[in-house]
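Commentary on secondary and tertiary structure
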Amino acid sequence: MSTQVRRFFPAALLATALLLPSPVLAIEELRVLLPVLQEKLTVQLKELASPDALWAGSSDIAELNRATNGRYASSLLELLNTPLPIQEDLDSAMALQGQVLLSRLVEFDSTQPNLLKSDPVLAAVKAAQAKHNQVTLLNILQEIPGKSVTVRLDRALPYIKRLRDQQLAAADLMPNFNKAALAPASLLAAGKYQIQTTTAQLPVAGNLNETLEVTIVRPLAKPSLLPVLISHGLWDSPSSFLGWAQHLASHGAPVFLPRHAGSDRNQQIEMLAGHASPPAPEEFLRRPREVKAVLDGLEAGAIPAAAGITPRNVVFIGHSWGATTALQLAGARSISAELWNACKDPEHPKRNLSWVLQCSFLPAATASSFADPRISRVVAVSPPQALVFAAGLADLKLPVLVVAGSSDLVVPPKPEALLPFGQYPKNGSALVLAERGTHFNLPAGADSNGGPLRALLLQWLSAKPLDANSGITDPTGLQLRLAGGR
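Residues numbered from 1 in each chain as written. Predicted model: local features only at pLDDT ≥ 70, side-chain atom pairs only at ≥ 80, totals over all residues. Heavy atoms only, no water.

1. What to know about helix H15 (residues 321-329)
Most of H15 sits out of view: 9 of its 9 residues are buried. Check the buried side of H15 and you find it contacts strand E9 (228-231), helix H14 (283-300), strand E11 (314-319), helix H16 (355-361), strand E12 (375-381) and strand E13 (400-405). Downstream of H15 by a residue or two, Gly331 has a phi angle that is positive, lying close to 115 degrees. (Buried < 20%, exposed > 50% of the residue type's maximum accessible area, 1.4 Å probe, protein only. Helix = DSSP H or I, 4+ residues; strand = E, 2+ residues; numbered from the N terminus. Contact = heavy atoms within 4.5 Å.)

Okay, here's the thing in structure tokens:
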């Protein structure tokens, strides 16, 4: 994910995950049901017009704001006036997941039967869309008729606590895993090869009017390492991974980075502007096919900048959704599992933020294998996998290097890396945890030193074993720990 969207993504995905739970904060009056005490604090919608209005108000929250010297006003009003990732297609798989959570977090007053018989939030979103270029929570609040609504913090806070606990679980386990040795300069420094970067357009099978953009980063001399493909995550682009590509290419690997147009950064911009729907479930199947199109293009000699490079023993690297694609291409299957029913349960103990994406895959999921014999090894960095591959990880055909950040809140490491890894077949796979690693500080953009994973990626590309003595940790970056092998 690019630097441009990193600060936006957690809020955007969370807002999508909850289908804007906050817009229902009030109609004329917001009632917040506190946990444990079961007490309600109120605030009037008119008091949320400005910091001064809240300061002068008479509601419970206005009094709390004064008692804390205005500390609550700035954060509350910033939340209310932040543009939201809303689009016209509110029937999308991702939006429907939000509705599952929303139904548990808000309650309408039983004295307002008209609000109980319809979906006032959905109506308010549509009304706000018609009036404003950028819809905010406050816009939506202003469109909901009636008197009051209750926000169930007693239900919301346990959900937030569960997300936090899932992340902290990996931190607690960290001391149990061996620290990887410091990497030698030969793996950390740029290699001896001069490199060049070009782009190419490949035709998409079955659609003469559509092309697949591929960025090629390769050594100018004859490559000395295996070809590499890198797949970006949701609402990202190849540019966020040029640091990886440049480092590997400088050591002799030709690197290819497809742009997944159905779920890239441009698609996000179009979605937020109301011109496009969220990524369709079919994108889950389209991404591995696009990767195969790159391999086919190499095989057919259709990429001029890749002359002389054959797609044999290719190493595939993916981040986030790209990591899910990596597992598909390694043979993981989406076999129907009982756990899939948990997508309907907002309080399921295993639910985490990545389920918004994984549950959206399921309408298109197929038990078919996407394993490709031209790929020999894969790297899955921060992979959403525990739900969509709940019964199909044992079918992995290739060695997989799983990398997870100990501080990743989007794809928490324990439920999405540590536990699923135990289902992998014993085929040479490895699991590495990055201390203080988040969902966004493991990739590396252009003209960087290659980021904290550069020595690890080069080691895996060279098919060298990973153990406690492996020198893969950047002394100026994140400490890497070997968490398991299969």
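After presenting the structure, the write-up continues.
2. Concerning the environment of Ser368
If you trace the backbone, Ser368 turns up in the loop between H16 and E12. Taking the C-alpha atoms as reference points, Ser368 and Ala332, separated by 36 residues in sequence, lie 9.1 Å from one another. Within the structure, Ser368 has its side chain in polar contact with the side chain of Thr366 (distance 3.2 Å). (Polar contact = N/O pair within 3.5 Å; in protein donor to acceptor, adjacent residues only side chain to side chain.)

3. As for the pairing of E11
Among the 6 residues of E11, 6 are classified as buried, and the element is accordingly described as predominantly covered. Along E11, one buried face is formed by Val314, Phe316 and Gly318 and the opposite face, lined by Val315, Ile317 and His319, is buried too. Across 4 bridges, E9 lies against E11 in parallel orientation. Bridged to Val228 within E11 is Val315. Pairing analysis gives 6 bridges linking E11 to E12, with the strands arranged parallel. Bridge pairing links Val315 to Arg377 in E12. (Pairing = 2+ DSSP bridges.)

4. Comments concerning the confidence of the model for the chain
Averaged over all residues, the pLDDT of the chain equals 82, while 76% of them reach at least 70. This stretch, residues 1-26, has a pLDDT under 50; its non-local contacts, to residues over four places away or in other chains, come to 85 contacts. (pLDDT = per-residue confidence, 0-100.)

5. A short note on the pairing of E13
In terms of burial, E13 is largely enclosed, as 6 of its 6 residues are buried. Burial along E13 is two-sided: the residues Val400, Val402 and Ala404 and Leu401, Val403 and Gly405 are all buried. Sheet topology note: the E12/E13 ladder contains 4 bridges and is parallel. Residue Val381 lies in a different strand from E13, and its bridge partner there is Val403. Direction of pairing for E13 relative to strand E14 (residues 430-434): parallel, over a ladder of 5 bridges. When the bridges of E14 are listed, Leu401 appears paired with Ala430. The handedness of the E13 to E14 crossover, carried by helix H17 (residues 413-421), is right-handed. (Right-handed = clockwise from strand over helix to strand, strands pointing away.)

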